[in-house]
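# Overview (structure and organization)
Next come the chains, spelled out residue by residue.
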Amino acid sequence: WSSDVCSSDLQFIGPSDALFSSLTCAVKRDDAAKLTRYGVRLPLAALGLKPGDEFGFNAMVCDGDDEKGLRYSLRMALGINYPFQPKFYPRFALKE
């Protein structure tokens, strides 16, 4: 795991930068396989979560490699793009 993405490449919306300043990200490109893997680690303490808690989470990856802008996007569930609707986010429970 390595932190190959600098913070200036990330976007964050939230009431505090505690999560943003403590997360680590990785991007690994395999040109031969034409495959890019993205990873994010989110510390439970920065999320305000503990074992046994339930929470909603969603993510979206956008593809726009040139000046033409966004061409494709992949999302886990509805509600991640404008207008934001967290009620559609998948629910997860942390194992105790």
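Our next topic: the packing of aromatic side chains. Going through the model one piece at a time under the given rule, you end up with two aromatic pairs. Centroid distance Tyr82 to Phe84: 6.3 Å. Interplanar angle 90 degrees. Geometry classified as edge-to-face.

Attention now goes to the confidence of the model for the protein chain. Counting all residues, the mean pLDDT for the protein chain is 80, and 83% of those residues have values of 70 or more. In the model of the protein chain, helix H1 (residues 18-22) stands out as the element of lowest mean pLDDT, 75, in contrast to strand S6 (residues 91-93), which has the highest, 94. Residue range residues 1-6 is modelled with pLDDT below 50. Its contacts to residues more than four positions away, or to other chains, number 17 contacts.

Quick look at the pattern of salt bridges now. A complete count under the given rule lists three salt bridges for this structure. Two residues, Asp53 and Lys50, come together in a salt bridge whose shortest N-O distance is 3.2 Å.

Each value, and the rule that gives it
Residues numbered from 1 in each chain as written. Predicted model: local features only at pLDDT ≥ 70, side-chain atom pairs only at ≥ 80, totals over all residues. Heavy atoms only, no water. Phe/Tyr/Trp six-rings, centres within 6.5 Å; stacked < 30°, edge-to-face > 60°. pLDDT = per-residue confidence, 0-100. Helix = DSSP H or I, 4+ residues; strand = E, 2+ residues; numbered from the N terminus. Contact = heavy atoms within 4.5 Å. Salt bridge = Lys/Arg side-chain N within 4 Å of Asp/Glu carboxyl O.

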